[in-house]
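Inside the fold
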Amino acid sequence: MDDVAPDRAVMIRLRARLAVVERAAWFGLVEAMRTRPAETEAYLTAERAKCAEGFGQRGWAADLTDAERAMLGAEVDAGLAALITDARAEAEGSAEG
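Right, let's walk through the structure included here. Only a predicted model underlies this, so the values are computations on that prediction, with no experimental measurement involved.

Description of the overall build of the protein chain
- Along the backbone of the protein chain there are 3 helices and 0 strands.
- Going residue by residue from the N terminus, the α and β elements of the protein chain occur as α-α-α.
- Against the globule reference of 13 Å for 97 residues, the protein chain gives a C-alpha radius of gyration of 17 Å, more extended than a compact globule.
- The C-alpha extent of the protein chain, read off along each of the three principal axes, is 45 × 40 × 15 Å.
- Of all 97 residues assigned to the protein chain, the portion counted as buried reaches 18%.
- Per element, the accessible surface of the protein chain, about 7,200 Å² overall, is 59% carbon and sulfur.

As for the pattern of salt bridges
- This model, assessed by the stated rule, comprises 6 salt bridges.
- The salt bridge involving Glu 31 is made with Arg 34; its shortest N-O contact spans 3.4 Å. Placement of both Glu 31 and Arg 34 in helix 1 (residues 6–35) is noted, with a separation of 3 residues, approximately one turn of the helix.
- By relative accessible area, which is 33% here, Glu 31 ends up partly exposed.
- Taking relative accessible area as the criterion, Arg 34 reaches 39% and is therefore assigned partly exposed.
- Of the charged contacts in the structure, one is a salt bridge between Glu 39 and Arg 36, with a shortest N-O distance of 3.8 Å.

Focus on the layout of surface pockets
- Taken as a whole, the largest pocket encloses approximately 160 Å³ of empty space.
- Residues belonging to the lining of the largest pocket are distributed by class as follows: 6 nonpolar, no polar and 1 charged.

Quick look at the nonpolar core
- Trp 26, Leu 29, Val 30, Met 33, Leu 44, Cys 51, Phe 55, Leu 80, Ile 84, Ala 87 and Ala 91 form the largest nonpolar core, which has 11 residues in total.
- For this core, the secondary-structure elements that each account for two or more residues are helix 1, helix 2 (37–55) and helix 3 (66–96).
- Among residues more than four places away in sequence, those in contact with Phe 55 are Trp 60, Ala 61, Arg 69, Leu 72, Gly 73 and Val 76.

Conventions we followed
Residues numbered from 1 in each chain as written. Predicted model: local features only at pLDDT ≥ 70, side-chain atom pairs only at ≥ 80, totals over all residues. Heavy atoms only, no water. Helix = DSSP H or I, 4+ residues; strand = E, 2+ residues; numbered from the N terminus. Rg over C-alpha atoms; globule rule 2.2 N^0.38 Å. Buried < 20%, exposed > 50% of the residue type's maximum accessible area, 1.4 Å probe, protein only. Areas by Shrake-Rupley, 256 points an atom, 1.4 Å probe, with all protein chains shown as cover. Salt bridge = Lys/Arg side-chain N within 4 Å of Asp/Glu carboxyl O. 1 Å grid on protein atoms, 1.4 Å probe; cavity = no way out; pocket = protein on both sides within 12 Å on 5 of 7 lines; lining within 4 Å. Points joined across faces, edges and corners; volume = space filled by probe spheres on them. Nonpolar A, V, L, I, M, F, W, Y, C, P; charged D, E, K, R; others polar. Core = buried A, V, L, I, M, F, W, Y, C linked by side-chain atoms within 4.5 Å. Contact = heavy atoms within 4.5 Å.

Here it is as structure tokens:
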């Protein structure tokens, strides 16, 4: 680790933690899609609506400008939409295999 600057090491450790959390969440999501697909999709769809309202009308992330909050909301919405699609495909693919 001597070749990594201390400030970069902090960033890399945070990225590693995020990757671990993402993989654990992905496992849980795929398992939920295997066992309760309709309920899981309904939950994620409801979360998309909550986030759209939160980042839009309610002003979540108040420290951001309106444009930044709109971008964040759009990214979250796109990410949740992709999760539904990807988890459905993963669950269906593992059920077939």
